[in-house]
Amino acid sequence: MINVGMGAVFALGLLGIMAAMIIGASVVFFIISMIFLGFWIHRKVNKLDYQKVFKVSFIIYLLLSITVVGVPVGCVGITMADFAVERNTPPEDYIDPGVELSVTDSEIDDARGFYLDGVFYKRMSYDFYEYREDEVPIAKVKDEFRNIYEVKNASGKRLLRYRGYIYCKESDMEFLEKFYTTLDDYDYYFYAYKGEKMKIDDFLDKEFNLTANAYGASSGVPDGTKYYYIEKRSPDGVYSLKIDICVTPSYEVYKSSGSYSYDLRNEELERKLKNYAIKYKHNYDEDLTEE
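We now turn to the structure provided with this report.

What counts, and where the lines are drawn
Residues numbered from 1 in each chain as written. Predicted model: local features only at pLDDT ≥ 70, side-chain atom pairs only at ≥ 80, totals over all residues. Heavy atoms only, no water. Helix = DSSP H or I, 4+ residues; strand = E, 2+ residues; numbered from the N terminus. Contact = heavy atoms within 4.5 Å. Areas by Shrake-Rupley, 256 points an atom, 1.4 Å probe, with all protein chains shown as cover. Expected span 1.5 Å × (residues − 1). Polar contact = N/O pair within 3.5 Å; in protein donor to acceptor, adjacent residues only side chain to side chain. Core = buried A, V, L, I, M, F, W, Y, C linked by side-chain atoms within 4.5 Å. Buried < 20%, exposed > 50% of the residue type's maximum accessible area, 1.4 Å probe, protein only.

### Regarding the overall build of the protein chain
The helix and strand tally for the protein chain stands at 6 helices and 12 strands. By sequence separation, contacts in the protein chain at least 24 residues apart represent 59% of the contacts at least 6 residues apart. Only carbon and sulfur atoms are counted for the fraction: they give 57% of the accessible area of the protein chain, which is about 18700 Å².

Structure follows, in structure tokens:
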């Protein structure tokens, strides 16, 4: 079953109403033009006066009938032609890898994977891969200027990136999931939404897990509360996981999850996260001052 959003239904309904109004106006103008045509022919046959008035009126309303439909249709046609040209024109910085897949973007999304050189590459469970300039384009998607890239990584397995998702061979999936979720060392970052990332070298994996699994008593937070991310990333940049926290104006720290804020129930961890927030304000948030 196909689910259609209310916005799409409203837009389609509006377009339908506009189309009906345009067609209706065109029909009305056409009928009026035919009436004037009848008067003109009648007066011409009977050699009566005012023939020119009815002739001009007939032409005017006929042109209005054609214009009312022709202008919107012409605009739509021009727009579609421009879109087709734009769609078939590669971006200035586009690099053609010389290999095109036989599947489209929507087919890749539906199958959650694609075949390359006879091998099926499946989308991995984490989709937070960060783009790097040293990636090599190896194939493009059918009918689009979207490339699939080779991802340099530390796993020893072949990984590919397409539109922010990581893909691997189905046979490598279990190994890679275990490899990236059980590393000895991760890099940790503290940052605000759309803000610069501050590396936190003294943060530990057990502290990340304590924060992620904190579900103490939920409480509301006051106005002025700031929201941050703590990111856990593999050294090769392929695997990344983040959790949300919030820090109140009085520097109380909570794990944030939707509209809920959970008590961490760990004074040492709260103190460390508070210090990160203070340092982040000093270094990256010029609009805020330490209280």
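### Some points on unusual backbone geometry
Although it is not a glycine, Arg-112 sits at a positive phi angle of roughly 55°. Inspection of the secondary structure puts Arg-112 in the loop between helix H3 (105–111) and strand S1 (113–116).

### Re helix H6 (residues 267–284)
An ideal rise of 1.5 Å per residue puts 26 Å on 18 residues; H6 measures up with 25 Å between its terminal C-alpha atoms. At the N-terminal end of H6, a side-chain oxygen is found 3.3 Å from the backbone nitrogen of Glu-268, two or three residues along, and the residue is Asn-266.

### Some remarks on the nonpolar core
With 37 residues, the main nonpolar core has Leu-159, Phe-190, Phe-203, Ile-230 and Leu-273 as its most contacted residues. Every element with two or more residues in this core is listed here: strand S6 (165–169), helix H4 (173–181), strand S7 (187–192), helix H5 (205–212), strand S9 (226–233), strand S10 (240–247) and H6. If you tally residues by element for this core, the top one is H6, at 6 residues. Counting residues in hydrophobic clusters, the runner-up holds 12 residues, among them Leu-101, Ile-138, Val-141 and Ile-148.

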